[in-house]
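Listed here are the chains, written in short residue letters.
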Amino acid sequence: MRVIIGEDEVLLREGLRHLLTDEGFEVAAVAGDAESLLREVALLHPDLVITDIRMPPTHTDEGLLAALRIRESAPAIPVVVLSQYVQRRYATELFDQNIGGFGYLLKQRIADVTTFTADLRRVAAGGTALDPEVVSVLVARASRASGAVGSLTPRQLEVLSLMAQGRSNARIASQLFLTEKAVVQHTSNIYTALGLPPDADDHRRVLAVIRFLASVADEDR
């Protein structure tokens, strides 16, 4: 899997390069700013792009804007954005794209190499990877709003959070010490409560859930 890394901090950039190489990824290029990242992506057409949200020159949202441009111009290229903190607005902008192959992870997740690289591979395969803290912020804000999410039970909220992270029914069952049959029943009830059509495609399921959460959270601002 050929990867391009966009990160202006040299230590983190080189650390990521070595980590990914050790885990079997091919790091095709690295970039220290958004413009260099866009040039490398256009030239090399990688299998995955990993970029920091805040990059030179202003260190605000250049990396995010680069990620959005990549997804608009080359939607087949999966993108994972990394952030130091949860920024719900940034997450929502990514959710607005009606395609898979994206992730939003906090940088501290890199330390859990197994989970981090599994998330990267899921995104590269066309799925989604959302940091648990990002999901927690969305669920918590949406649950305070009136309406569908606020009516879910605590257990349904737990299942919903894991669904939004892209976890399979088997993984949700294992993490919550439930049977898969119970998870299926919970997800069915969640779909009914949220007015979402059931879909056997896990990716579409995740997109539907996170877009719903983002929309409810935005309405509650």
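Residues numbered from 1 in each chain as written. Predicted model: local features only at pLDDT ≥ 70, side-chain atom pairs only at ≥ 80, totals over all residues. Heavy atoms only, no water.

**Observations regarding the nonpolar core**
At step 1: The biggest cluster of nonpolar side chains holds 45 residues, and the ones touching the most others in it are Leu 160 and Leu 213.
At step 2: The leading source of residues in this core is helix 7 (residues 154-164), at 6 residues.
At step 3: Setting aside residues no more than four positions away along its own chain, Leu 160 makes contact with Leu 152, Ile 190, Leu 194, Val 209 and Leu 213.
At step 4: Membership of the second largest hydrophobic core comes to 17 residues, among which are Val 3, Leu 48, Phe 116 and Leu 120. (Core = buried A, V, L, I, M, F, W, Y, C linked by side-chain atoms within 4.5 Å. Buried < 20%, exposed > 50% of the residue type's maximum accessible area, 1.4 Å probe, protein only. Helix = DSSP H or I, 4+ residues; strand = E, 2+ residues; numbered from the N terminus. Contact = heavy atoms within 4.5 Å.)

**Re the environment of Val 123**
At step 1: Mapping Val 123 onto the fold places it in helix 5 (residues 113-124).
At step 2: Using a relative accessible area of 0% as the deciding quantity, one classes Val 123 as buried.
At step 3: Expressed as a C-alpha distance, the spacing of Val 123 and Gly 101, which sit 22 residues apart in the sequence, is 4.6 Å.
At step 4: Among all residues touching Val 123, those that are not within four sequence positions of it are Leu 48, Pro 78, Val 79, Val 80, Gly 101, Phe 102, Gly 103, Thr 128 and Ala 129.

**A word on the pattern of salt bridges**
At step 1: If you walk through the whole model with that rule in mind, you get 10 salt bridges.
At step 2: Between Asp 131 and Arg 109 there is a salt bridge, and its shortest N-O distance comes to 2.7 Å. Linking Asp 131 in the loop between strand 6 (128-130) and helix 6 (132-144) with Arg 109 in the loop between strand 5 (102-106) and helix 5, this pair joins segments that are 22 residues apart in sequence.
At step 3: Three or more residues joined by partner-sharing salt bridges are found here, namely Glu 7, Asp 52 and Lys 107. (Salt bridge = Lys/Arg side-chain N within 4 Å of Asp/Glu carboxyl O.)

**Some points on helix 2 (residues 34-44)**
At step 1: Within helix 2 the residues assigned to the buried category are Ala 34, Ser 36, Leu 37, Leu 38 and Val 41.
At step 2: Buried positions along helix 2 lie against strand 1 (2-6), strand 2 (26-31), strand 3 (48-52) and helix 3 (62-73).
At step 3: Where helix 2 begins, the capping side chain belongs to Asp 33, and its oxygen is found 3.2 Å from the backbone nitrogen of Glu 35.
At step 4: Looking one or two residues past helix 2, His 45 carries a phi angle of roughly 45 degrees, positive in sign. (Polar contact = N/O pair within 3.5 Å; in protein donor to acceptor, adjacent residues only side chain to side chain.)

**Focus on the pairing of strand 2**
At step 1: Sheet analysis places strand 1 next to strand 2, joined by 5 bridges and oriented parallel. Note on strand 2: the bridge partner recorded for Gly 6 is Ala 31. (Pairing = 2+ DSSP bridges.)

**Focus: the side chain of Asp 131**
At step 1: Taking the relative accessible area as the measure of exposure, Asp 131 reaches 0% and is therefore buried.
At step 2: A polar contact of 3.0 Å, which involves the side chain of Asp 131, links it to the backbone nitrogen of Leu 106.

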